[in-house]
Amino acid sequence: MQKKAKLLLPIALSVGLTACGSNAADDAAPAGASSSPSASESQAASAPIEIEFWNILGGELIDSLVSDYNASQSKVKVNAVYVQNSYEGIVEKLQVQAAAKKLPDVVTNGLLYTRFANDTVKAVPLDSFIAQETYDTSDFFPSMLKLGQNDQGEQIGLPFGISTPILYYNADRFREAGLDPANPPQTWEELPQVAKQLTGDGHYGISVPLDFGWLYQAVMETYGGSMMNADGKTVGLDSEASIKAVQTIVDMVSKDKSMPLLQLTQTFDSMAKGDVSMLVNTTAGLGMVLPTAKYELMTAPFPTYAGNRVVPAGGANLMIFSQDKAKQEAAWDFVKYLTDAKRSVKISASTGYMVSRQSALDDPDMQKFLEENPVYKATYGQIDTMVPWFNFPGQGGTRIQKIISDQVQAALQGQKSPEEAMKEAAKQANALIQS
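Everything numeric in this text was worked out from a predicted model, so none of it was measured. (Residues numbered from 1 in each chain as written. Predicted model: local features only at pLDDT ≥ 70, side-chain atom pairs only at ≥ 80, totals over all residues. Heavy atoms only, no water.)

J.: Help me out: how do you make sense of the sheet that holds strand 6 (residues 278-282) in this one?
T.: Ordered by their spatial adjacency, 3 strands build an open sheet running 6-5-7, and the pairing between neighbours is antiparallel. Of all strands in the sheet, those with a lone pairing partner are strand 6 and strand 7 (297-301), marking the two edges. Across this sheet, the average inter-strand angle for adjacent strands is 30 degrees, counted without regard to direction. Sitting on the sheet, helix 12 (residues 264-273) is in contact with strand 5 (165-170), strand 6 and strand 7, with an inclination near 135 degrees to strand 6. (Pairing = 2+ DSSP bridges. Helix = DSSP H or I, 4+ residues; strand = E, 2+ residues; numbered from the N terminus. Axes fitted to C-alpha atoms, helices over the stretch in contact; angles between N-to-C directions. Contact = heavy atoms within 4.5 Å.)

Structure, rendered in structure tokens:
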């Protein structure tokens, strides 16, 4: 059985959710983390520039990162502010502060709200900071760097705490069912049959919380669908691929009886207790399962369908919202620090989120961590199939996630057929977009 990671804090997951690391001496002088000249020139000699950092993690990890940064230099002082209710809480506070024209300086902005941050709150483009010091972004995984770009290709954020959906499974239950844990299901075509084999003796075979819009996108696009149609004006929620994807999960609930109906956060608890034998959900939930699982936990990449795999990224971008030039420079310095290789390793090992740089993945500490905790490896095998968490257009775009959740729930509960549910979802979503 693999060693269990020592986790520093619970995982926060977007839309309801979200141990190695450098020591203080190493953190005090990271490569590329020195304060920028502009921040230095604009600061009063007697005191550092103070900036506010909104985040959803809080706890020991954030306290350590901020404390180490503040101790590493004297020109900028960061004050961390923990925001409740995950990324939705961030968005709500941003709307209030934007109206009052008192925006925070640095924010962990959920990937679902990239369009909102660009169009409504006006996140500060980072391109000028990158250009003025020829800051090298080539070390970031390209698919992750793209997560922080707007429709015009401007870089408005850098990746911070990224995740993808993976398959968790109970290797002990596989053996009991006569299955080989070294060969987990790799496709959606075979997954329902394996789930049936794992159902019995008080155990369910699988949990797939499809009413979480992020997972719906993953399954639907893997089945060949698109969240928006080619015309860019109507949604693709009622496509054949979408209905077929929903039908697959509904059949496991109602026909095979291999999947229970659980709320999103309950799925991790059920997996940890062994009540379900497989779980399709974010890799960021490993911190909820691994510490308490009394069995051999293993993971595998997100299943394919007809040879296709699409995994939307979860997590956040670090964004700057301050309109004060000196504070922008100070904020940029802090963003560079949080996204360098050492910090990326520390955050990953503490939370289950992915590192965002190739150099961080190659770091000896990270390689050691992955060897000792192989359940964290699966997500890195699908980086090339990562896509942005889809942001619907229009002022009501973010409300479409609730529409998807409600209609998928109706299908899972047998109140509507998958076709009826997704046609209703498309009808309501199109009305919002076109209003």
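J.: When you look at the packing of aromatic side chains in this model, what are you seeing that I'm missing?
T.: The geometry of an aromatic ring pair is captured by two quantities: the separation of the ring centres and the angle between the planes. A complete count under the given rule lists 14 aromatic pairs for this structure. Taken together, a centroid distance of 5.7 Å and an interplanar angle of 20 degrees make the contact between Phe 129 and Trp 332 stacked. Of the two residues, Phe 129 sits in helix 6 (residues 127-132) while Trp 332 sits in helix 14 (residues 325-338), which places them 203 residues apart along the sequence. Take Phe 129 and Trp 332: they sit in the same class, and that class is buried. Ring geometry for Phe 212 against Trp 389: centres 6.0 Å apart, planes inclined by 80 degrees, an arrangement best described as edge-to-face. Of this pair, Phe 212 sits in the loop between helix 9 (191-197) and helix 10 (213-222) while Trp 389 sits in the loop between strand 10 (386-387) and helix 18 (400-412); the two residues are 177 residues apart in sequence, bridging distant segments of the chain. The exposure classification of Phe 212 matches that of Trp 389, with both residues buried. Put simply, the rings of Phe 53, Tyr 69, Phe 334 and Tyr 337 pair up and form one aromatic cluster. Looking at Lys 93, its charged tip hangs above the ring of Trp 54, at a distance of 4.6 Å from the centre. (Phe/Tyr/Trp six-rings, centres within 6.5 Å; stacked < 30°, edge-to-face > 60°. Buried < 20%, exposed > 50% of the residue type's maximum accessible area, 1.4 Å probe, protein only. Lys NZ or Arg CZ within 6 Å of the ring centre and 35° of its normal.)

J.: How should I be thinking about the pattern of salt bridges in this particular structure?
T.: Side-chain pairs of opposite charge can arise whenever the charged atoms involved come near each other. The final tally for this structure, using the stated rule, is 13 salt bridges. A salt bridge links Asp 139 to Arg 357; its shortest N-O distance comes to 3.2 Å. One end of the pair, Asp 139, is in the loop between helix 6 and helix 7 (142-145); the other, Arg 357, is in the loop between helix 15 (341-351) and helix 16 (358-362), with 218 residues separating them in the sequence. Arg 357 gets classed as buried once you look at its relative accessible area, which sits at 8%. The closest approach of N and O atoms between Asp 363 and Lys 342, which form a salt bridge, is 3.8 Å. In this pair, Asp 363 sits in the loop between helix 16 and helix 17 (364-372) while Lys 342 sits in helix 15, placing the two residues 21 residues apart along the sequence. Taken together, the shared-partner salt bridges connect Asp 172, Arg 175 and Glu 296 into one network. (Salt bridge = Lys/Arg side-chain N within 4 Å of Asp/Glu carboxyl O.)

J.: Teacher, can you tell me more about the packing of helix 15 against helix 17 here?
T.: Each packed pair of helices is defined by two parameters, the angle between the axes and the distance between the axes. For the pair helix 15 and helix 17, the least separation of the axes is 10 Å and the interaxial angle reads 20 degrees. In terms of orientation, helix 15 lies roughly parallel with respect to helix 17. The hand of the helix 15/helix 17 crossing is left-handed. The residues of helix 17 that touch helix 15, namely those facing Lys 342, Val 345, Ser 348 and Ala 349, are Asp 365, Met 366 and Phe 369. Of the residues belonging to the contact of helix 15 with helix 17, the class tally is 4 nonpolar, 1 polar and 2 charged. (Parallel < 35°, antiparallel > 145°, perpendicular 65-115°, else oblique. Left-handed = near helix turned anticlockwise from the far one by under 90°. Nonpolar A, V, L, I, M, F, W, Y, C, P; charged D, E, K, R; others polar.)

J.: Even after reading the chapter, I still don't get the nonpolar core, so can you show me in this structure?
T.: Side chains that are nonpolar tend, in soluble globular proteins, to be buried together. Among the nonpolar cores identified, the biggest contains 141 residues, and Trp 188, Tyr 216, Leu 237 and Met 278 are the most heavily contacted of them. Looking at which domains feed residues into this core, each of domain 1 (47-163 + 314-387) and domain 2 (165-312 + 394-434) supplies at least three. Other than its neighbours up to four places away in sequence, Trp 188 contacts Val 208, Val 219, Thr 222, Tyr 223, Thr 248, Ile 249, Met 252, Val 280, Phe 302, Pro 303, Thr 304 and Tyr 305. (Core = buried A, V, L, I, M, F, W, Y, C linked by side-chain atoms within 4.5 Å. Domains from an automatic or database assignment.)

J.: When you look at helix 3 (residues 59-72) in this model, what are you seeing that I'm missing?
T.: Since one α-helical turn is 3.6 residues long, residues separated by three or four positions face the same way. Given a rise of 1.5 Å per residue, 14 residues ought to cover 20 Å, and the 20 Å separating the end C-alpha atoms of helix 3 matches this to within 8%. All of the buried residues along helix 3 are Leu 61, Ile 62, Leu 65, Val 66, Asp 68 and Tyr 69. Buried residues of helix 3, viewed axially, fall in a sector of 160 degrees; they line one side. Exposed residues lying more than 90 degrees from the buried face of helix 3 are Glu 60, Asp 63 and Ala 71. (Expected span 1.5 Å × (residues − 1). Arc of directions from axis to C-beta.)

J.: Can you help me understand helix 19 (residues 418-434) in this one?
T.: With 17 residues, helix 19 should cover 24 Å at 1.5 Å per step; its first-to-last C-alpha distance of 24 Å lies within 8% of that length. For helix 19, the full list of buried residues reads Pro 418, Ala 421, Met 422, Ala 425, Ala 426, Ala 429, Asn 430, Leu 432 and Ile 433. In an axial view of helix 19, the angular spread of the buried residues amounts to 160 degrees, which keeps them on one side of the axis. Those residues of helix 19 that are exposed and aimed more than 90 degrees away from the buried face are Glu 420, Lys 427 and Gln 434. Among the structural elements, helix 10, helix 11 (240-254) and helix 18 are those in contact with the buried residues of helix 19.

J.: Got a minute to help me understand the side chain of Asn 430 in this structure?
T.: Residue position: Asn 430 is located in helix 19. Ignoring any residue separated from it by four or fewer positions in sequence, one finds Asn 430 in contact with Lys 233, Thr 234 and Val 235.

J.: Could you clarify how one ought to interpret the sheet that holds strand 2 (residues 76-82) in this entry?
T.: Strand pairing in a sheet is mediated by backbone hydrogen bonds. Such pairs are either parallel or antiparallel. With mixed pairing, 5 strands are arranged side by side in an open sheet as 2-1-3-9-4. Either end of the sheet is taken by a strand with one partner, and the two such strands are strand 2 and strand 4 (158-163). Strand-to-strand twist in this sheet, taken as the mean axis angle between neighbours without regard to direction, amounts to 20 degrees. Here strand 4 runs beside strand 9 (residues 314-320); their pairing, made up of 5 bridges, is antiparallel. Of the residues in strand 9, the one forming a bridge with Ile 162 is Gly 315.

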